[in-house]
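Listed here are the chains, written in short residue letters.
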Amino acid sequence: MGTIKTERAFNILMATNRRHYTKTNPYQDWPQNIGYRSRISAAHLHAYSLDALNDKLIEGATVLDVGSGSGYLTSCFARMVGPAGRVIGIEHIPELVEQSIANINSDDPTLLTGGRIQFFVSDGRLGYPAAAPYDVIYVGASTVEVPKTLLSQLKPGGRMVLPVGKYGDIQYYEQLDKQEDGTVVIKKMMRVQFIPLTDEAAQMQRITWSLKLSHHHWHQGFRTRDFFFVRHRPSPPHYASRARLVT
Ligand code: SAH
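These figures come from a predicted structure and were not determined experimentally. (Residues numbered from 1 in each chain as written. Predicted model: local features only at pLDDT ≥ 70, side-chain atom pairs only at ≥ 80, totals over all residues. Heavy atoms only, no water.)

Attention now moves to the site of the ligand. In the vicinity of the ligand, 24 residues are found, and the nearest of them are Ser38, Ser70, Glu91, Gly124 and Thr198. Taking Glu91, its side chain carries an N or O atom lying 2.7 Å from an oxygen atom of the ligand. Measuring from a nitrogen atom of the ligand, one finds a backbone N or O atom of Gly124 at 2.7 Å. The biggest single contributor to the shell around the ligand is strand β2 (residues 38-40), with three residues. Here the residues of the shell around the ligand sort into seven nonpolar, 13 polar and four charged. (Near = heavy atom within 4 Å. Polar contact = N/O pair within 3.5 Å; in protein donor to acceptor, adjacent residues only side chain to side chain. Helix = DSSP H or I, 4+ residues; strand = E, 2+ residues; numbered from the N terminus. Nonpolar A, V, L, I, M, F, W, Y, C, P; charged D, E, K, R; others polar.)

Set out below in structure tokens:
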């Protein structure tokens, strides 16, 4: 579905093997579940995102990847900005951050050394002010409104790409270019379907809810990893107290 517009995005996608980032169907152009109600986006979506951000993902650029999930795009961004660049990945599920670090280590551990990629377990809606402003902000989960806090962390001349719209409803990828005078030019792009940018408890509630739907399977002895996750995991303390750097 679709074509890759820039040679650079093509080369980066070819250099970043999806088999390191998902255990299931790495070469199917379809999102794959990676646990904790998260998923790695489809390959065409990754291609589209890299094309849209290509001009801004120059050597030495600073990038914020909100809802970094599998870490696939985090790695692509790091490859594009090179050793002088910096990519901050924010993900609110600690297990996913650990998983993404393992994924990148299996792909190319040097992307993590020297601090080119840094992951933080925290609420991505708050961004990561300490490394702001950013040349690029990418959000891998949908919001009804563009989070103002994130926009304030974008550099003049910088670009943000994110899915806008209600979960389960019509969503569009939007590209926001912050001009030198601080005004923002918005471009509505293709229709997409993303999981919501939400809080951890709400993401876990979606797990419980979907398990109610699979009541029938439960009685047949069908158990998912997510179920154990919900049952045995203590409720999360407040974000502010648990934002932490993971290396
Ligand atoms: N670009 C990623 C997309 C992962 S799906 C990839 O292709 O692998 C979106 C991710 O956003 C999920 O992992 C989910 O846990 C995370 N997420 C949702 N709300 C969040 C929030 N408020 N803060 C940080 N991460 C969030």
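Time to look at the packing of helix α1 (residues 7-15) against helix α3 (residues 72-81). For the pair α1 and α3, interaxial distance at closest approach is 10 Å and the crossing angle is 125 degrees. Relative to α3, α1 is oriented oblique. α3 is crossed by α1, and the crossing has right-handed handedness. Across the interface between the two elements, Arg8, Ile12, Leu13 and Ala15 of α1 pack against Tyr72, Cys76, Arg79 and Met80 of α3. Of the residues in the contact of α1 with α3, the class split is six nonpolar, no polar and two charged. (Axes fitted to C-alpha atoms, helices over the stretch in contact; angles between N-to-C directions. Parallel < 35°, antiparallel > 145°, perpendicular 65-115°, else oblique. Left-handed = near helix turned anticlockwise from the far one by under 90°. Contact = heavy atoms within 4.5 Å.)

Of the residues making up α1, those classed as buried are Ala9, Ile12 and Leu13. With its buried residues spanning 100 degrees around the axis, α1 presents them on a single face. Exposed residues pointing more than 90 degrees away from the buried face of α1 are listed as Glu7 and Met14. Elements in contact with the buried residues of α1: α2 (43-53) and α3. (Buried < 20%, exposed > 50% of the residue type's maximum accessible area, 1.4 Å probe, protein only. Arc of directions from axis to C-beta.)

What follows is about the pairing of strand β3 (residues 62-66). Burial of β3 is extensive: five of the five residues sit out of reach of the surface. Residues Thr62, Leu64 and Val66 line one face of β3 and the alternating positions Val63 and Asp65 line the opposite face, and both faces are buried. Taken together, the five bridges between β3 and strand β4 (residues 86-91) define a ladder with parallel strand orientation. Bridging from a neighbouring strand, Thr62 pairs with Arg86 of β4. You can see the chain leave β3, run along α3 and come back into β4, and the turn it takes is right-handed. (Pairing = 2+ DSSP bridges. Right-handed = clockwise from strand over helix to strand, strands pointing away.)

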